[in-house]
Amino acid sequence: MVKTSVSYRCTSCDATHLRWVGRCPQCRTYGSVEEEAKASAPQAGLKATLSANRPTRAARPVTAVSESREVRISSMASEFDRVLGGGLVRGQVVLVAGEPGVGKSTLLLSVADAFARHSPNPVLYVSGEESAEQIGVRARRTGVSAPNLLVANETDLGVVLGHMEEHDPALLVVDSVQTLASQQIDGRAGGVSQVHEVASVLTRVAKGKGIPTLIVGQSTRENSVAGPRALEHLVDTVLTFEGDPHTPMRTLRATKNRFGPADEVVCYEQTDVGLAELPDPSQLFRSNRDVAPAGTCATVTMEGRRPLVAEIQALVTETTAAYPRRAVTGFEQSRAAMLAAVCDRAANLNLPKRDVYLATVAGLRLVDPAIDLATCLALISAATDRPIAQDTIAIGEVALSGDIRPVPSAATRLTEANRLGFRRALVAPGGSAPSGALRIVEVPHIVDALTWHLQDSSGS
């Protein structure tokens, strides 16, 4: 006899409960808890169940499994191919997540257009958020005009599958997974059960037909993928599209990739006619000037596997307020406070009685410890009103003791600095070889960096 166990599951957050409640205690949603029955086989039938599930393929030693190379399909968008690890793979499902308004639809529409221009089969773009007319307005504004790029405005998963069967697309774009709903299960579109079902069906179809599929997903305030966590496990690749709405800079980074590196980052610039690729984004994070003012220092940070030259800006001013102001943009507040304390102790800058401001150029968010030395030099330069030469770059992690530590990928960082015309690099001791015309200056402690700065700025 089959035993049935009854549990209750929230269709909004996927939490399970032992009894029915009118409001889910986890997500605080009313009317979202539904009964879920699970049938379990009796213990007496276990032997029969095991007999009926004999494996059709024998397990093999891992050393006997032959290597197979996946054939890459170029999307004809070079930076998009780069973040994927060289292009798309047949049947690959890519989830592109980001906050509303960051430009996900614009990005994927341009990728679909580039793909369709070189594909004999049509490309299907399905949107549940915008009408076909709205997509057409964006297409004309951004120059999207491939004749075999097909646009459909659908929210029913079954109808989307019908479009796929009719057109047999070379690439499928779904915008977004939260707007589609399946008639096979209950729940509202965007709910946990619907999102899981839609993603599961699209993944199975994509794998079965070998169709690369790009799925748009929304992000939460914490910049994580909205919906059930299982959504990220279902897909092959997860890309997050980020950007400050007040700046034109956008970054697309891979956080999961079964067919390539999971730490790649590419950059785009938001323009009046869409998103423009930035193969060399370092120039965007530096100020263009003839003479460097006091309080600025350049460094090289690693975004994934890509080195980016960034400029740290600092301002130190006298204050009459009882509590001096500390304003930080683009840094971790606690890290900036620690570095200010280290600098104050090493150079006696009297920072506790002065206002301190720290910022990056173009809204770049920096969390790499390699920027510590440049941040300290920018603070010292601002406090002493002595500029740092524009051809100087600083790379190193600063400890609480003031010691300067080596950082990973030092050779890559120095090569990028040399390519962009820097002539001197302040680094931690530890075998950093010169790169081209770049001269290496090793500074073991923040006091040594201060001594070098005072001597260099005085011209001695």
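Residues numbered from 1 in each chain as written. Predicted model: local features only at pLDDT ≥ 70, side-chain atom pairs only at ≥ 80, totals over all residues. Heavy atoms only, no water.

## As for the packing of helix H5 (residues 157–167) against helix H6 (residues 192–209)
Quick note on the threshold: To get an axis, fit a line to the C-alpha atoms, keeping to the stretch in contact for a helix; angles then go from 0 to 180 degrees between the N-to-C directions. Counting from the N terminus, the helices are DSSP H or I runs at least four residues long and the strands are E runs at least two residues long. Angle categories: roughly parallel below 35 degrees, roughly antiparallel above 145, roughly perpendicular from 65 to 115, and oblique for all the rest. Contacts between residues were defined by any pair of non-hydrogen atoms, one from each residue, lying within 4.5 Å. Three classes are used: nonpolar for Ala, Val, Leu, Ile, Met, Phe, Trp, Tyr, Cys and Pro, charged for Asp, Glu, Lys and Arg, and polar for all others, with Gly counted as polar.
Packing of H5 against H6 brings their axes to within 11 Å, and their N-to-C directions diverge by 10°. Regarding the angle of H5 to H6, the classification is roughly parallel. For the pair H5 and H6, the contacting residues are Leu157, Leu161, Met164 and Glu165 in the first and Val198, Val201, Leu202, Val205 and Lys209 in the second. Here the contact of H5 with H6 is built from residues that sort into seven nonpolar, no polar and two charged.

## Digging into the pattern of salt bridges
To be explicit about the condition: Here, a salt bridge means any side-chain nitrogen of Lys or Arg that lies within 4 Å of a carboxyl oxygen of Asp or Glu. Buried means the residue's accessible area, taken with a 1.4 Å probe over protein chains only, is under 20% of the maximum for its type, while exposed means over 50%, and partly exposed covers the values in between.
Scanning the model with the defined rule gives 19 salt bridges in all. When the shortest N-O distance is used, the salt bridge between Glu303 and Arg253 registers 2.9 Å. Of this pair, Glu303 sits in strand S15 (residues 296–303) while Arg253 sits in strand S12 (residues 249–257), and the two are 50 residues apart along the sequence. With relative accessibility at 22%, the residue Arg253 sits in the partly exposed group. For Asp391, the salt bridge is made with Arg424, and the minimal N-O distance between the two is 3.6 Å. Taken together, the residues span a long stretch of sequence, with Asp391 in the loop between helix H9 (372–384) and strand S19 (392–394) and Arg424 in strand S22 (residues 424–427) at a distance of 33 residues. Accessibility expressed as a relative area gives 29% for Asp391, which makes it partly exposed.

## Section: the sheet that holds S12
As a reminder of what qualifies: Should DSSP find at least two bridges between two strands, the strands are regarded as paired.
Spatially, the nine strands line up as an open sheet ordered S8-S7-S9-S10-S6-S11-S12-S13-S14, and their pairing is mixed. Lying at the two open borders of the sheet, with one neighbouring strand each, are strand S8 (149–153) and strand S14 (274–277). Adjacent strand axes in the sheet meet at a mean angle of 25°, parallel and antiparallel pairs treated alike. Across three bridges, the pairing between strand S9 (residues 171–175) and strand S10 (residues 213–218) is parallel.

## Topic: the environment of Pro248
Tracing the chain through its elements places Pro248 in the loop between strand S11 (237–243) and S12. Here the alpha-carbon distance between Pro248 and Arg325, two residues 77 residues apart in the chain, equals 29 Å. Filtering out sequence-adjacent residues up to four positions away, Pro248 remains in contact with Tyr268, Glu269 and Gln270.

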